[in-house]
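Read off the chains here:
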Amino acid sequence: MKELTIADIKLVTTSAGTPVREPERSELKKIYSKLEFICQSLPKDKFNYKIRKDPRNQGGGFKYFQNYLWAKIFPKEFENDVWNKLAIILGIANNTLHLHIMGIGQYQDLEASQLTSESSWEEIDLSDLRYSVLAKRVDDFYLENRNLFIDTAYKLGLKNFKKIKKQIEMEKLINLLDYKKQIILQGSPGTGKTREAKLIAKEILGLNSTDDLKDNEHFKLIQFHPSYTYEDFVRGIVAESKGDKIEYKNINKTIGKFAKIALENLLDSKKDIGELSLEKWVDEEFNQFVDEISETLEKDKIPLSENVDLVDLMDDAFLYIGENWKGYEHRMSFRDIKKAYLDQNLTRQDIVKNLNLSGSARQHATYYIVVLNKFREFLSGKTVPTNQTKVLEKKYILVIDEINRANLSSVLGELIYALEYRGKALDSMYELEGEQKIILPENLYIIGTMNTADRSVGHIDYAIRRRFAFVEVLPNVLEDNTIVFNKELFEKVSALFINNYNEYFKDSERNVILQPAKTLSSEFRPEDVWLGHSYFIQKKLEDDKLEPEDFRMKIDYEIKPILMEYVKDGILVGRIGEQKIEDYIKDL
């Protein structure tokens, strides 16, 4: 088919509104065919279209030509929901070939349709009218305006777009977390920050419900408090009874354990089946080797040299001591022996030079090589089965509730640096298995929640702040069939914090700047203290009952007390009309 020309576009313009005549009618029908060919050139898996191909104006009784020619293009991903309701318009009018997004039929004259049509309007460059170029421009136009298309569909009330819009907002949060590795959801009380953190985790882990997070090995939720320390969060010392002795040992704590699991998965995902099978086999065989050593130690100690003996064992290490050594026994980590075997260390010097082993192993290689040789003898005649499957890289999510309630600089220690430099080994304050190194791997994600109304808690300094992305979670009007939302009371309470409630919630993008109410102290932002939507919810139970059954209980024992606390703390001040603010709250 011949390509669209500037002369074609001019013909549409000069014929607009004039009486139908030949040969213009036949020529205009050909131009319609050219518009259709542009649509046919679009990726068939991405778009469908509709075109009438009659240049006569129906409204004028077919006596006049239309003011413009156009095709309606529908994205296939939403085709069932937007067909004949919302489309990308490819049109010719007023000497232009243009694109814009517009509602159709009953939706065309609605405000959302008109505003989107105006803001998305684009005149196509007429210097190159090849069909392939024009089709690519339509495709690119949709990619550039996809979010606007979805937002308009949402504003027009089209089916499923509330859910789609929520999914897009969730994708933005997930993309941010994937980029930054750690984010903090911050907002006033009752905005659902912890719930949002769980929803993010659910999406990332591909679960059906937040209930599935319970006991999930890839998810962990903890809560900080003012007495929380590095020794609670990263690594610390524990005391264990050992017969008539008390033994002190260093162990990983919350993030130390979780990071280790995530790192092992990340490293295993890069190994082939043969390597995984060997490691699994070594682990299983070593457990039997330990049992054999244990049986021997019940009878007698095991010599490692003329003056040094293996005398006992723990959950993760053998214990050895020299005749003239002072103090407690030395630990010989199981990990070091297994690693030395996997690294094919055959001599004392091999162990000394092996940087994969702990400093203790390299320093006491004389004793380690004896145990390594015993393990090698134990494996003599056995073969490695190839029975493992490929390990897939998984994501691990740690949610820290009330993250600002602890002294973060003290709790995180060297992890402040590790947050930014993922995958790099850093020295911890405590040695573990002969190593002081600790690593936060790339597949470990941290989501913190922060109550912005609480000024009594720890300050987040700039060094920590720049390592997190902060996301505001604000109060919202909820529309959910699983709850009852007391919108009237929410609006009444909101009047204590903002004075542009209707304007703010009318904007689906929430781009309206909140205007503080006169009753809100100038020292506070509405975003930081405005009472959240969860205070105004009653859950629908399976037996059609509500929780709480009497909403007055929630008003009297949850809403009023925190508002009165706000008054006491100077957050809410003054009067509402002639009424004292305390009386206004009491009358809720």
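Up top you'll find the structure we're talking about.
In this structure, what is going on with the packing of helix 1 (residues 6-15) against helix 2 (residues 24-40)? I would like to understand it.
The geometry of a pair of packed helices is captured by two quantities: the angle between their axes and the separation between those axes. At a minimum axis distance of 10 Å, the contact between helix 1 and helix 2 shows a crossing angle of 130°. As the angle between them shows, helix 1 and helix 2 are arranged oblique. Crossing hand, helix 1 versus helix 2: left-handed. Contacts from Asp8, Leu11, Val12 and Ser15 in helix 1 reach Glu24, Glu27, Leu28, Ile31 and Lys34 in helix 2. Residue composition of the contact of helix 1 with helix 2, by class: 4 nonpolar, 1 polar and 4 charged.

Teacher, can you tell me more about the nonpolar core here?
One broad trend across soluble globular proteins is that nonpolar side chains are buried collectively. Of all hydrophobic cores here, the largest spans 49 residues; its most connected members are Leu35, Ile88, Leu90 and Leu97. If one sorts the elements of this core by residue count, helix 5 (residues 131-155) sits on top with 9 residues. Discounting residues that sit within four places of it in the chain, Leu35 has contacts with Ile51, Leu69, Trp70, Leu90, Ile92 and Leu97. Ranked by size, the runner-up nonpolar core spans 36 residues in total, among them Ile483, Val493, Ile559 and Ile571.

Honestly, helix 9 (residues 254-269) in this entry has me stumped. Any pointers?
An α-helical turn contains 3.6 residues, so any two residues separated by three or four positions project in the same direction. Counted at 1.5 Å a residue, the expected span for helix 9 with its 16 residues is 22 Å, and the 23 Å between its end C-alpha atoms agrees. For helix 9, the full list of buried residues reads Thr254, Ile255, Gly256, Phe258, Ala259, Ala262, Asn265, Leu266 and Ser269.

What is the right way to look at the pattern of salt bridges in this model?
A side chain of one charge can pair with a side chain of the opposite charge if their charged atoms are brought near each other. Here the structure, examined in full by the defined rule, presents 36 salt bridges. Lys155 is the salt-bridge partner of Asp151, the closest N and O atoms lying 3.2 Å from each other. With Asp151 and Lys155 both in helix 5, this residue pair falls 4 residues apart, about one helical turn. With a shortest N-O distance of 3.0 Å, Asp528 and Arg525 are connected by a salt bridge. Arg525 gets classed as partly exposed once you look at its relative accessible area, which sits at 37%. Here the residues in one salt-bridge network are Glu472, Arg525, Glu527 and Asp528, joined through shared partners.

Explain the pairing of strand 14 (residues 396-401) to me, please; I cannot follow it from the model alone.
In summary, the side chains of a regular strand alternate between the two faces of the sheet. Burial runs high along strand 14: 6 of the 6 residues are buried. Side-chain alternation along strand 14 places Tyr396, Leu398 and Ile400 on one buried face and Ile397, Val399 and Asp401 on a second face that is also buried. Pairing analysis gives 5 bridges linking strand 7 (residues 219-223) to strand 14, with the strands arranged parallel. What sits directly across from Phe219, in strand 14, is Ile397.

The rules behind each value
Residue numbering note: each chain is counted from 1, following its sequence as written. The predicted origin of the model limits local features to residues at a pLDDT of at least 70 and limits the giving and counting of side-chain atom pairs to 80 or more, whereas totals for whole chains, interfaces and linings rest on all residues. Side-chain measures here rest on the full set of heavy atoms in the structure, leaving out hydrogens and waters. Every axis in this analysis is a line fitted to C-alpha atoms, fitted for helices over the stretch in contact. Angles between the N-to-C directions lie between 0 and 180 degrees. In this text, helices come from DSSP runs of H or I with a minimum length of four residues, and strands from runs of E with a minimum of two, each type numbered from the N-terminal end. Angle categories are assigned with fixed cut-offs, so that under 35 degrees is roughly parallel, over 145 is roughly antiparallel, 65 to 115 is roughly perpendicular, and the rest are oblique. Here is the rule for handedness: rotate from the far helix to the near one, and if that takes an anticlockwise turn smaller than a right angle the crossing is left-handed, while a clockwise turn gives right-handed. Contacts were defined at the residue level, with two residues in contact if any of their heavy atoms lie within 4.5 Å. Ten residue types, Ala, Val, Leu, Ile, Met, Phe, Trp, Tyr, Cys and Pro, are classed as nonpolar, four, Asp, Glu, Lys and Arg, as charged, and the remainder, Gly among them, as polar. Grouping buried Ala, Val, Leu, Ile, Met, Phe, Trp, Tyr and Cys residues that are joined through side-chain atoms within 4.5 Å yields what is termed a nonpolar core. Buried, partly exposed and exposed residues are distinguished by accessible area as a fraction of the type maximum, computed with a 1.4 Å probe on protein chains only: under 20%, between the cut-offs, and over 50%, respectively. Here the expected length of a helix is defined as 1.5 Å per residue gap, with one fewer gap than residues. When a carboxyl oxygen of Asp or Glu lies within 4 Å of a side-chain nitrogen of Lys or Arg, that pair is called a salt bridge. Any two strands between which DSSP finds at least two bridges are classified as paired.

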